[in-house]
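Fold and contact review
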Amino acid sequence: MRLSRYFLPTLKENPAEAQIVSHRLMLRAGMVRQSAAGIYSWLPMGYKVLRNIEQVVREEMDAAGSQEVLMPTIQPAELWQESGRYDDYGKEMLRITDRHDRSLLYGPTHEEVVTDIFRNAVKSYRDLPINLYQIHWKFRDEVRPRFGVMRGREFFMKDNYSFDIDAAGAVRSYNKMFVAYLRCFARLGLTPIPMRADTGAIGGDLSHEFIVLADTGESAVYCDKSWFKTNPLDLDVDFESDLQPIVDEWTTLYAATDEMHDAADCPVAADQLYEGRGIEVGHIFYFGTKYSTAMGATVTDSSGADVPVEMGSHGIGVSRLVGAIIEASHDESGIIWPESIAPFKVGLINLRAGDDACDAACDKLYADLQKAGVEIIYDDRDERAGVKFANMDLIGVPWQLAVGPRGLKNGVVELKRRGSDGDKEELSIESAIARLS
Ligand code: ATP
Ligand code: MG
C-alpha cells in the first residue's frame, strides 16, 4: 500500500477527549473515529488490526474443536422472557419495537439464541459435545462508555457456547477454552492472567476472567509472580488429550480470588504476590443447566431419560483487545504492534521522494517484498524525513526500512526494529529483501 493513497487520517495533536494512551493513539493513528458515545467506525488500518486479532482468535477456537456460526444481532424479546433475563438485564439492553409492535432487542450476548437453536436441533447425548462460536457485534448500553473501544456500547466479541451431556464433559469443554485462551492471548503478545471470577447467584459453578496487565485497567489483579515466567505458547496442547493437569497447574499458580484482598486468606506467599491493575479481555463461564432448564433444552441420556444439557459460555473482547494491546505495547512515539497482528509488517520510507535513485530502489523493495507476500506500507509522499519517521513510529509498523541518497551511494538501506531503542542496521537492498521475506 502506498501511503499517498492510503486513507490514514492521522492527527498531530493529542485529542482532548481521550484520557488513556490507547484511545489517544488509536485516534492519532487514524484507526477509529467515534460516531456516537461508545460507537465507533473502524478506518482501514484499525479494521486491518481488528481483523488480524479476529483471525488469531478464530484459529485458536477452531483448534479447540469449536465450529463457527453467525447469529443475528437483533433478537426477539420472547427468548429472553423464557430464560427470565428480559427484566433482569435492565437498562444495558437496547430494546427495539418493530412496525408490528413486536419487542426486539440488540443482543448484548447470545445464550438464549444459541439455546433455542440447540433445543430445536439436538435430541440425543450421541450428538454431544457441541461447541459453537461466533465473532460478532454486541450492544450494551453502558452507563459510562469510555476509554475509546475499551468500553464501548457497540463492541466486537467472540462468544463460544458449549453443550455437554454431564458436568464432567462440561468441565472438559471449559478446560479446552481455558487453554485456548492462554494460547490466544500469548499469540497476541500479551501476558494473560486467569483470575477466578465471582459466579454470582449460581453457586458452585466455574468462572475465570483473563486479565492483561495495564495501569489504566479497571480490574484489580492478584497473582503469583512466578506466573510471568511461564509461556502459554510452550503448551503444545493436544486438545483431545486430558487437559486437566495443565489447567490444574495454571489455576493453582493463579489461584487468586477477590478474597486475596484479605491477606490472611491469600494462598500466595507475601513475597511472591504480584498486585496490579489490568484489563479484562476474556471471560469463561460454566453455568450448568441455568438456560437449558429454563428454556427446555433437553437431550436423552444413555438410559433414555430426558436431561437438561450442561452449558458454558466463553467471551473474548476482540475490539477491546485492540486497545489492550496498545496499552501493553507502546512508547512515547506511538504504537508498537506485535508482528502477529501488525497491520503492516514493513514500513518503507523514501527519504527523498522524486530522486531517481531513491524512487528506483524503493520501487524495487516495494515490488519484491509484496511479491514475497510481505504486508508493506510505502511512504512515497513528498514530506520531510522527520515527519515520515514520526508517522511510522506512530502507526507502530514492526520493521522500518529507510532509503536515502547517502546510503544508496554506499549501496545500503537502513533497517530499524520498532521499539528497539533506535538500533539501526545498514544492509544491501538484496539482504534487506531476504531478511524481511
Ligand atoms: P466488564 O466487567 O469489563 O464490563 P463483562 O464482564 O460485562 O465486562 P462479559 O459479559 O464477560 O463482560 O463479556 C466478555 C468480554 O467482552 C469481556 O471479557 C470483555 O473483554 C468484552 N467486553 C465486555 N463489555 C465490553 C464493552 N463495553 N466494550 C468492549 N468490550 C467489552
Ligand atoms: Mg466478564
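This text follows the structure it describes.
In this report, the structure presented in the accompanying data block is examined. (Residues numbered from 1 in each chain as written. Chains lettered and ligands numbered in written order. Predicted model: local features only at pLDDT ≥ 70, side-chain atom pairs only at ≥ 80, totals over all residues. Heavy atoms only, no water.)

Take the side chain of E111 next. Residue placement: E111 occurs in helix 5 (residues 111–121). For E111, the side chain forms a polar contact with the side chain of T109, separated by 2.7 Å. Of note is the side chain of E111, whose polar atom sits 2.9 Å from the side chain of S313. Every residue in contact with E111, bar those within four places of it in the chain, is listed here: R85, Y161, F287, Y291 and S313. (Helix = DSSP H or I, 4+ residues; strand = E, 2+ residues; numbered from the N terminus. Polar contact = N/O pair within 3.5 Å; in protein donor to acceptor, adjacent residues only side chain to side chain. Contact = heavy atoms within 4.5 Å.)

Regions of empty space are outlined by a rolling probe, equal in size to a water molecule, passed over the atoms. Following the criterion strictly, the structure yields two cavities of 30 Å³ or more and no others. Of the voids in this model, the largest cavity is the one considered here, and its volume is about 60 Å³. What lines the largest cavity is simply G38, Y40, W42, W137, V149, G152, E154, F155, F156 and S319. By residue number, the principal contributor to the lining of the largest cavity is strand 8 (residues 154–164), which donates three residues. When grouped by side-chain class, the residues that make up the lining of the largest cavity number six nonpolar, three polar and one charged. Estimated volume of the second largest cavity: approximately 30 Å³. Along its surface, the second largest cavity is lined by F389, Q400, L401, A402, E414, K416 and K424. Per-element accounting of the lining of the second largest cavity gives the leading share, three residues, to strand 20 (residues 399–403). (1 Å grid on protein atoms, 1.4 Å probe; cavity = no way out; pocket = protein on both sides within 12 Å on 5 of 7 lines; lining within 4 Å. Points joined across faces, edges and corners; volume = space filled by probe spheres on them. Nonpolar A, V, L, I, M, F, W, Y, C, P; charged D, E, K, R; others polar.)

At the metal site, the magnesium ion (ligand 2) is ligated by E280 (OE) and H283 (ND1), and these contacts range over 2.2 to 2.4 Å. Its relative accessible area of 25% is what places E280 among the partly exposed residues. By relative accessible area, which is 22% here, H283 ends up partly exposed. (Donors = N, O, S within 2.8 Å, 3.2 Å for Na, K, Ca; no water. Buried < 20%, exposed > 50% of the residue type's maximum accessible area, 1.4 Å probe, protein only.)

What follows deals with the environment of I20. Note that I20 resides in the segment before helix 1 (21–28). Judged by relative accessible area, I20 falls into the buried class, the value being 5%. A sequence separation of 127 residues divides I20 from F147, and the C-alpha atoms of the two residues are 6.2 Å apart. Those residues within four positions of I20 in sequence are excluded, and the remaining contacts are F147, M150, T216 and E327.

The next point concerns the layout of surface pockets. Taken as a whole, the largest pocket holds about 1,000 Å³ of empty space. Forming the walls of the largest pocket are 43 residues, and the residues nearest its centre are Y89, R140, M157, E280 and H283. The element best represented in the lining of the largest pocket is strand 12 (residues 273–288), accounting for eight residues. For the lining of the largest pocket, the per-class residue count stands at 15 nonpolar, 15 polar and 13 charged. Here the second largest pocket defines a volume of roughly 330 Å³. Lining the second largest pocket are 15 residues, and of these T10, K12, R381, V387 and N391 lie nearest its centre. Here the lining of the second largest pocket gets four residues from one element, more than from any other, and that element is helix 11 (residues 385–395). A breakdown of the residues in the lining of the second largest pocket according to their chemical character gives seven nonpolar, three polar and five charged.

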